[in-house]
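Structural features, examined
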Amino acid sequence: MLTIAISKGRIYREALPLLDAAGIRPNDDPDTSRKLLLDTNLADVRLLVLRARDVPTFVEHGAADAGIAGKDVLLEHGGGGLYEPLDLGIARCRMVVAARRGCESLPRRPRVATKYVVSTRRYFAQKSVQAEIIELYGSMELAPLVGLADCIVDLVDTGGTLAANDLVEVGDVCPISSRLVVNRASMKMKHERMKAFIDSLADAVSNVSAQGAGRARAS
Ligand code: ATP
Ligand code: PRP
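Notes on the structure in this doc start here. (Residues numbered from 1 in each chain as written. Chains lettered and ligands numbered in written order. Predicted model: local features only at pLDDT ≥ 70, side-chain atom pairs only at ≥ 80, totals over all residues. Heavy atoms only, no water.)

1. Focus on the pattern of salt bridges
Cut-off, in case you're wondering: Think of a salt bridge as a Lys or Arg side-chain nitrogen and an Asp or Glu carboxyl oxygen that are within 4 Å of each other. Each helix is a run of H or I in the DSSP string that is no shorter than four residues. Each strand is a run of E no shorter than two, and both are numbered from the N terminus. Burial classes follow relative accessibility: with a 1.4 Å probe on protein chains only, a residue under 20% of its type's maximum area counts as buried, one over 50% as exposed, and anything between as partly exposed.
Enumeration over the complete set of coordinates arrives at 12 salt bridges. For R193, the salt bridge goes to D44, with nearest N and O atoms at 2.7 Å. Here D44 lies in the loop between strand 2 (37-39) and strand 3 (45-50) and R193 lies in helix 8 (residues 191-218), a separation of 149 residues in the sequence. Taking relative accessible area as the criterion, R193 reaches 26% and is therefore assigned partly exposed. What makes D44 partly exposed here is its relative accessible area of 30%. Notably, a salt bridge pairs K190 with D65, separated by 3.1 Å at the nearest N-O pair. Here K190 is found in the loop between helix 7 (184-189) and helix 8, whereas its partner D65 is found in the loop between helix 2 (55-60) and strand 4 (66-70), with 125 residues between them in sequence. According to the relative accessible area criterion, D65 is buried, its value standing at 5%. What you see here is one network of salt bridges that share partners, running through K71, E84, D87 and R179.

Here it is as structure tokens:
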């Protein structure tokens, strides 16, 4: 049995065509079903539907053999006990520092609101800036607007959320995409099955990027 951990919503939606190309089709849709353990068309593959941040934990402890998680989540988790064999190129965005428009120059010791504590600490330490980190679980954009923080570290895709809250980018932390992660013991114990799974996903990823490049050339 191959158990794959995945979060519903954005990652599930974007991973579905890749899983399909790898021959894996879930029997239920987590966006409409309350089931958290999904059987698939393959008798030896099942999906666990988790909160995004819990995916590496389930994989690290071997409750899932593999999982799909954003690099943002993996950087916070720390990566112990996991292989990260494949960048799936889905759920792409950037992790950035943002501040209120007109307040772009930060104080010497900025207060930074974020749910990405590890990445934020590393980013400011590399710049030799002593930041006070205020950990939040969401709606980071509010923090500078109500005086809780001087800036935030959050994910940006279209920039719509920052613009809607009168925030602007003042620093670039890193690019983000979702990765396949694999439990180290599963990689050894289920080597043949795991290798076939990773290879088929890798093929699906390169077909998608070849199609994307073709579309870009045609337009
Ligand atoms: P939860 O809903 O459990 O609190 P979450 O809000 O981080 O977690 P999603 O919004 O589904 O869950 O995001 C999952 C992953 O998708 C993130 O970890 C990140 O890698 C990526 N992501 C987040 N926001 C965006 C975005 N605006 N555009 C593209 N990818 C994103
Ligand atoms: C993410 C992120 C930003 C937003 C950025 O939130 O936390 O708020 O996307 O995307 P944009 O640049 O395209 O506006 P998400 O939509 O996942 O909501 P959540 O954090 O409340 O889950």
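That was the structure; now back to the text.
2. Examining the site of ligand 1
Put simply, the rule reads: Each residue is tested against the molecule or strand, and it is near if at least one of its non-hydrogen atoms lies within 4 Å. N or O atoms within 3.5 Å of each other form a polar contact, as long as, within protein, one can give a hydrogen and the other can take it, and as long as residues adjacent in sequence are counted only when both atoms are side-chain atoms. Residue exposure ignores everything except the shown protein chains as possible cover, and the areas themselves are Shrake-Rupley values with a 1.4 Å probe. Polarity classes work like this: nonpolar for Ala, Val, Leu, Ile, Met, Phe, Trp, Tyr, Cys and Pro, charged for Asp, Glu, Lys and Arg, and polar for all others, with Gly in that last group.
What surrounds ligand 1 is a group of 14 residues, the closest being R10, R51, D72, A91 and R92. For ligand 1, an oxygen atom lies 2.6 Å from a polar atom in the side chain of R51. Notes on ligand 1: free accessible area 620 Å², of which the protein chains cover 73%. Of all the secondary-structure elements, those providing two or more residues to the shell around ligand 1 are helix 1 (10-21) and helix 3 (71-77). In terms of residue class, the shell around ligand 1 is built from seven nonpolar, one polar and six charged.

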